[in-house]
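# Analysis of the macromolecular model
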Amino acid sequence: MENDPLTIGGHEFTSRLFTGTGKFADDRRIADMLAASGSQLITVALRRIDLGGKSHNILDFIPKTVTLLPNTSGARTAAEAVRIARIAREAGCGPFIKIEVITDTKYLMPDNYETLAATETLAREGFVVLPYVLPDLPLAKRLEDAGAAAVMPLGAPIGSNRGLETAPLIALLIENCRVPVVVDAGIGRPSHAAAAMEMGADAVLVNTAIATAEDPVAMGRAFSLAVEAGRMAYLAKMAEESRTARASSPLTGFLDRIEDIV
Amino acid sequence: MSFIDIVEKYQHFDFEGFFGQVTDRDVVCAVAKEKMEPLDFLALLSPTAAGHLEPMAQKALRLTVQYFGRTIQLFIPLYISNYCSNQCLYCGFNRTHAIERKTLTLAEIECEAQAIASTGMQHLLLLTGESWEATPMDYLEAAVRLLKRYFASVSIEIFPLDETDYRQLKAAGVDGLTLYQETYDRSVYRQVHLSGRKADYRYRLDAPERGARAGFRAVNIGPLVGLGEKRREVFMCGLHARYLDDRFLETEIGLSLPRINPAEGGFQPAHPADDRTFVQFMLALRLFMPRSGLTVSTRERAGFRDRLIHLGVTRLSAGSCTGVGGYARPAERKTAQFEISDQRSVAQVAQAIAAQGYQPVYKDWDLIA
Amino acid sequence: MIRVTINGKTESVGAGTIEQLVHDKGLRPEALVVEHNFTIVKQPQWSRIRLSEGDTLELLSFVGGG
């Protein structure tokens, strides 16, 4: 929506759907997906090249107008995440960085402590830091204080497509954070994305659900519509259930004879 | 960032224009909301919302019981000095008033503490005028250390301090800070605070934030209702509470709406709020800040306070004396800061609370040093 | 020949510049990020840095990731 931009780290986004480049069957579909979804920010990862194989450059499939969000995947400590972030910036990826520090290989849960430490360092170095975290309010406030440009709580484990399992905790972040809240990971269907936006999330980041759909281009478009619908509903301030008061005034009726009250 | 930014944001807001456009539907919608935005809150402060007090009260009661249960926390103020270098038009301690001035010695404070403790009160609010000569930091610290021997909780309602001073008092045992801005309207602020350190609006405005940063467990704020345009004042105070609440998760933010009572000097408030409007304001605050404590002092009369128990209030003072040294020696009650309306004893107030179906709480917590 | 560590593996390469190494390995320069002894070397500098015995090189590129 044109009049409702999202600002992160001084950059304005008119699309609140962030996407990722992982798991595409054919990376050439990424450009089409971006065009169809209107997504203006996409994640990439940094890896050692395979010296035997042929290297291809994922950046070839991303239009220059789309903001790159390199992630620190592979990092197991804050120090490793910091190193990857610096490399990504030196490589010309811009100031954005998604901090993703994962020590648990079973559920791929982010390590909130290492993530906070990396955020502190990188924010000081001028990065636009988007930490990927478990939705924990005191942590989110610390990330804010450390200079995070947004917080990215997970809805469900990475790639699980299970939706907003952490919704009540994310709601606390939305209610209390000054920086944008971007729901990352777990969003498996457009309706999940719409629900996150209805709740008041500032954006959602969707990778697996788009990349692994049979038609990732059409799915990108579907997510974009869902995000827009959810955002519109949030802004339109859904009518909430209202309790009708009883005709009598048991609590405030005394005000009609207030002179008698000493 | 300071709350001053938000004060400035609303400096030229057209409050009258906004109130003129608030419809009944706007009020109904605002009441129904789970999380109210600032303008929803303002709608509840509008004259239009005066016609919706019962549904507001129903929800306020539901929220209050949800977050606080049916309990009322009791506290008692202790004035240890009425020396003051300020000249606040509405205050009995105004330095130009020819009242008897007194600062209690530590021995006298101990007598007061004993008299108060015998009523069962465990939460004490320590008050002074503003005088760095009469009540310097080392005196305040010693007073707090002494009082901590008698009370579970000692809060302060004294002149604003630097963060380091707050830390020092926290270390001495203070766990709560009450500091009323009096008025958020800067021009009114200038008009009623003629001289003294208190004339510094900004230093006072930022003090609750300094207190929160210093680590006080509770910070209580409010306007002195009657000084500035009342709806605007309550609005800014609500925003101030939310500002603090958003930034200091570890601090309980409390609110109070003290109404001007006659004090020495016969000050006439320019914007008095009648009881109905006062109730509307309390309800609006409860709906806007569902988890914040709401305090009502003995400035309000007994029968009215009893009714307010069902309308969002969570803390009441009781058995209060606003003169210096008046607990141990009732003859000292003549030099009050303001006039007390609810003259009941602690036991009587506790009884009244119980009669309303609520539990009076003398001791909500105890800081283990 | 000198011995250097590339992406964690020690191997023998011809003594020369980073640029020559990239060429010898048949790597596409535009897709490549080079870290030489823990310092990023931008592409214009590749021809100016000569490899020495015991150097550590990380050759990285951007890949798909979420």
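Numbers given for residues are sequential positions, taken from 1 along each chain in its written order. The naming scheme follows written order: chains are lettered A onward, ligands numbered 1 onward. Residue-level local features of this predicted model are given only where pLDDT is at least 70; pairs of side-chain atoms are given and counted only at 80 or more, and the full residue set underlies all totals for whole chains, interfaces and linings. Heavy atoms throughout the structure, all of them, feed into the side-chain values; hydrogens and water do not.

## Let's talk about the packing of helix α8 (residues 163-172) of chain B against helix α11 (residues 207-214) of chain B
Residue and element names in this part refer to chain B. Interaxial distance between α8 and α11 falls to 9 Å at its minimum, and their mutual angle equals 50°. In terms of axis orientation, α8 runs oblique to α11. Both α8 and α11 take part in a crossing whose hand is right-handed. Judged by residue contacts, Glu163, Tyr166, Arg167 and Lys170 of α8 engage Ala207, Arg210, Gly211, Arg213 and Ala214 from α11. Here the axes come from fitting lines to C-alpha atoms, over the contacting stretch only for helices, and the angles between their N-to-C directions go from 0 to 180 degrees. Working definition: helices are DSSP H or I runs of at least four residues, strands are E runs of at least two. Numbering for both runs from the N terminus. Each angle is binned into one of four classes, with values under 35 degrees roughly parallel, values over 145 roughly antiparallel, values of 65 to 115 roughly perpendicular, and all other values oblique. Helix crossings get a hand from a simple test, with the near helix turned counterclockwise from the far one by less than a right angle marking a left-handed crossing and a clockwise turn marking a right-handed one. Whether two residues are in contact is decided by their heavy atoms, any of which lying within 4.5 Å being enough.

## Some details on the confidence of the model for chain B
In this model, chain B carries a mean pLDDT of 93, and residues with pLDDT of at least 70 account for 97%. Two numbers describe this predicted complex: its pTM, 0.72, and its ipTM, 0.82. Confidence of the predictor at the level of single residues is given by pLDDT, which spans 0 to 100.

## So, the arrangement of the chains
Pairwise contact counts over the two pairs of chains in contact peak for chains A and C. Regarding chain B and chain C, which are not in contact, the minimum distance between any of their C-alpha atoms is 31 Å.

## A few points about the sheet that holds strand β7 (residues 128-133) of chain A
Residue and element names in this part refer to chain A. At least two bridges found by DSSP between two strands is the condition for calling them paired. Read from one edge of the open sheet, three strands run β6-β7-β8, paired in parallel fashion. The open sheet has two free edges, formed respectively by β6 (96-99) and β8 (152-153), since each of these has just one partner strand. Judged from the four bridges that link them, β6 and β7 form a sheet pairing that is parallel. When the sheet's bridge partners are listed, phenylalanine 96 is paired in β7 with valine 128.

## A short note on helix α4 (residues 38-45) of chain B
All names here are of chain B. Partly exposed residues are those whose accessible area sits between 20% and 50% of the maximum for their type, while under 20% is buried and over 50% is exposed, using a 1.4 Å probe and protein chains only. In terms of burial, α4 is a largely internal element, six of the eight residues being buried. Within α4, burial applies to Asp40, Phe41, Leu42, Ala43, Leu44 and Leu45. Taken together, the buried residues of α4 touch α2 (15-21), α3 (24-32), α5 (53-68), α12 (230-247) and α13 (275-288).

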